[in-house]
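As a plain string of letters, each chain reads:
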Amino acid sequence: MKKTTGCFRIRFLVFSAILVFTCLTMSKAVHAGKKGTKGNEKKDEQPIADTTRGDEKPEYLVHDGKLIIKAGGKQETVALPGKVRSYLVLGDRLYVLLEGQGIGVMDLKDPQNPVLIDVKRPPLGNVIGMFVADSRVWMRIRSLSAIPIGNQVTSPAVINLQHTNVSRPSSQVKAQTSGKEIKRKGLPAEQRGQGGKPLPKNIKVVNRFPGRVKLNIGSLDGVKVGDRFVAFGSVTRKMQGDSVKFKGHELAAILTVAAVSPKSCLAELGRGDRVSTKDVIRPARKEDRGSRIFPRKLVDLGEFRTAIRPLLKIGKPLGFGILAEIAATWWGNGYFLDLRIDPLGFGYTKDGNPFSSCFLVQGGYDTRAFSVGLGIGVGGVNGDLGELLVGEGVKSDSSGNSQSWHDRTVAAFALSQHVRLGARDGLNMVVTNTLMYYKSKNDSGSKDSGFVYGGTSGRINIPLPGRTDLFLSGGGGLVGYWFAEFGVFTWITGNGDIGSLGLSASAGGAGIWGTQKRVTQYGFDQRTVDVVGPMVSFGLAYRFGI
């Protein structure tokens with residue numbers, strides 16, 4: 001028993017030693033494996049060097065008005081639209097102060113290749129620096145302003161960037177403004193454009209078109225659609241007879257910008273306005289307004305006008321007719337000359353063909369508010385005045401009676417009276433009266449002479465906004481016609497000055513009538529032939545210069 005027990009003890013001790021050695025060996029192996037794993041993780045986490053661009057963080061410098069980027073032992077110049085005075089980096093944006101232009105905003109997604117994405121310009125004044133407040137970049141602006149003496153002067157401490165939703169910068173600024181929102185008055189209206197930006201002093205008319213002019217300023221100067229300007233033309237006025245002359249400038253036109261490009265703009269002229277390339281152009285004030293009711297008078301201007309009124313006869317027999325008006329007018333400095341055929345009408349029916357006409361030459365005194373004049377001419381009257389213009393070729397029937405009817409029109413000397421009340425291209429009323437002079441023999445053989453009423457034509461013009469008018473016109477008389485119409489007239493090109501083209505359309509009623517004579521063995525018979533019915537009209541007007 002003792003030997004057996006001793007051997008067991010010896011075996012137990014050997015086994016235990018082997019077990020302890022095995023455990024220690026495995027522990028070291030596991031520990032070594034963990035260390036190796038950790039070493040590999042650190043190696044994988046190390047950043048991979050950019051062999052193409054270098055690891056160095058780019059450095060931005062300003063030298064001689066240029067933005068320079070230094071990185072990897074190299075330096076590159078960034079192309080910008082102006083001289084750089086300073087820069088500021090905030091987040092992924094690089095802000096550069098460009099002389100005379102504002103703040104350039106650059107994207108830094110690729111720090112070594114910044115991209116210009118916008119240029120922020122100040123509402124007014126000049127940018128002299130930048131600062132960061134409330135995680136925003138702010139412009140530091142220097143500006144001048146002028147106000148009338150006696151008004152309270154207030155000016156803001158900070159102006160927000162355009163096109164950016166920026167909050168108020170800091171509590172310091174709030175304290176300066178006393179917690180109130182202060183609006184900058186900026187420059188006077190005659191010195192600023194859009195956003196208060198100062199306008200150039202040498203504004204000029206570079207080209208003229210019918211009703212429009214081209215100016216040498218555009219959106220880069222702060223001009224926008226709807227801005228208004230005034231044109232002043234040089235004038236010479238006689239004072240105290242011919243002994244004293246006054247030379248100066250007077251208001252010639254109101255210009256409203258209708259289209260804008262970066263360096264120029266197109267401006268529309270108002271009614272009665274005319275602009276020269278030598279005129280002085282200035283921004284308009286609030287009180288500078290044109291008038292469509294009483295516009296300025298244009299001189300050295302001609303007009304050709306015509307209107308054609310076709311009509312259909314109501315009743316029997318069937319028939320139709322045309323009543324037309326043709327006129328050519330010249331307006332000088334204080335006078336007018338007018339040539340017109342009014343009316344010029346003819347009708348057609350199987351019973352006869354009535355005809356009506358009156359040719360007049362008129363002239364007189366013309367002002368902005370009215371014109372008055374006289375005229376002479378020849379008219380055709382349907383009635384017993386002087387010598388009858390009777391057709392030949394009378395045929396008699398088997399009994400010897402004349403059965404043919406002959407149209408009769410009397411040619412007579414005409415005098416006219418003309419008056420216009422109101423401005424030519426504004427609210428006005430125009431009336432023309434025609435008188436016919438005749439000679440005839442009475443039953444005793446003596447000659448009688450005198451004037452008879454020939455007819456009247458009139459027109460009332462009512463201006464609408466823009467270049468459109470409503471009009472009411474009508475007339476008639478012994479000349480052998482009548483008409484009444486309501487219509488619309490508009491200048492489709494121009495504003496009523498040289499090169500303007502206008503169209504009119506109207507609707508109403510009209511008539512053309514004449515007398516006929518039939519001679520029989522018992523004397524003669526008379527009857528009236530007319531073409532009366534509804535009509536529509538189409539008119540054309542064109543203005544020209546010499």
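Attention here is on the structure that accompanies the text. Quick caveat, the model's predicted, so the values are computed rather than measured.

Take the overall build of the protein chain next. A tally of regular secondary structure across the protein chain gives 2 helices and 28 strands. Residue pairs at least 24 apart in sequence account for 54% of intrachain contacts in the protein chain once pairs closer than 6 positions are excluded. Summed over all atoms, the accessible surface of the protein chain reaches about 32500 Å², with 58% contributed by carbon and sulfur.

Sheet topology note: the strand S25 (residues 468-477)/strand S26 (residues 481-493) ladder contains 10 bridges and is antiparallel. The partner of Gly 476 across the bridge, within S26, is Trp 482. Linking S25 to S26, which pair antiparallel, is a turn of 3 residues; within it Gly 480 sits at a positive phi near 105°.

Membership of the largest hydrophobic core comes to 17 residues, with the highest contact counts inside it found for Val 213, Leu 215, Phe 229, Leu 255 and Val 275. For this core, the elements supplying multiple residues, two or more each, are strand S11 (212-215), strand S12 (228-239), strand S13 (244-260) and strand S14 (265-269). Among residues more than four places away in sequence, those in contact with Leu 215 are Lys 204, Val 205, Val 206, Phe 229, Leu 255, Lys 263, Ser 264 and Cys 265. Residues Cys 358, Leu 360, Tyr 481 and Met 535 belong to the second largest nonpolar core, which totals 14 residues.

Right, let's talk about the sheet that holds strand S5 (residues 93-98) for a bit. Pairing in this open sheet of 4 strands is antiparallel, and the strands run S4-S5-S6-S7 from one edge to the other. Strands at the two margins of the open sheet, each flanked by one partner only, are strand S4 (84-90) and strand S7 (115-120). Each adjacent strand pair in this sheet contributes to an overall mean axis angle of 25°, direction not counted. As defined by bridge partners, strand S6 (residues 102-107) adjoins S7 across 5 bridges and the pair is classed as antiparallel. When the bridges of S7 are listed, Asp 107 appears paired with Val 115.

Enumeration according to the criterion identifies 7 aromatic pairs in this entry. Considering the side-chain rings of Phe 320 and Tyr 348, the 5.8 Å spacing of their centres and the 40° angle between planes classify their relative orientation as tilted. Of this pair, Phe 320 sits in strand S17 (residues 319-331) while Tyr 348 is found in strand S18 (residues 335-349), placing the two residues 28 residues apart along the sequence. Residue Phe 320 is classed as partly exposed on the basis of its relative accessible area of 39%. For Tyr 348, a relative accessible area of 45% gives the class partly exposed. For the cation-ring pair, Arg 424 lies above Trp 331, with the distance from its terminal atom to the ring centre recorded as 4.1 Å. The ring centre of Phe 471 lies 4.1 Å from the NZ or CZ of Arg 459, which sits over that ring.

About the cut-offs
- Residues numbered from 1 in each chain as written.
- Predicted model: local features only at pLDDT ≥ 70, side-chain atom pairs only at ≥ 80, totals over all residues.
- Heavy atoms only, no water.
- Helix = DSSP H or I, 4+ residues; strand = E, 2+ residues; numbered from the N terminus.
- Contact = heavy atoms within 4.5 Å.
- Areas by Shrake-Rupley, 256 points an atom, 1.4 Å probe, with all protein chains shown as cover.
- Pairing = 2+ DSSP bridges.
- Core = buried A, V, L, I, M, F, W, Y, C linked by side-chain atoms within 4.5 Å.
- Buried < 20%, exposed > 50% of the residue type's maximum accessible area, 1.4 Å probe, protein only.
- Axes fitted to C-alpha atoms, helices over the stretch in contact; angles between N-to-C directions.
- Phe/Tyr/Trp six-rings, centres within 6.5 Å; stacked < 30°, edge-to-face > 60°.
- Lys NZ or Arg CZ within 6 Å of the ring centre and 35° of its normal.

By themselves, these are just geometric observations and shouldn't be taken as functional.
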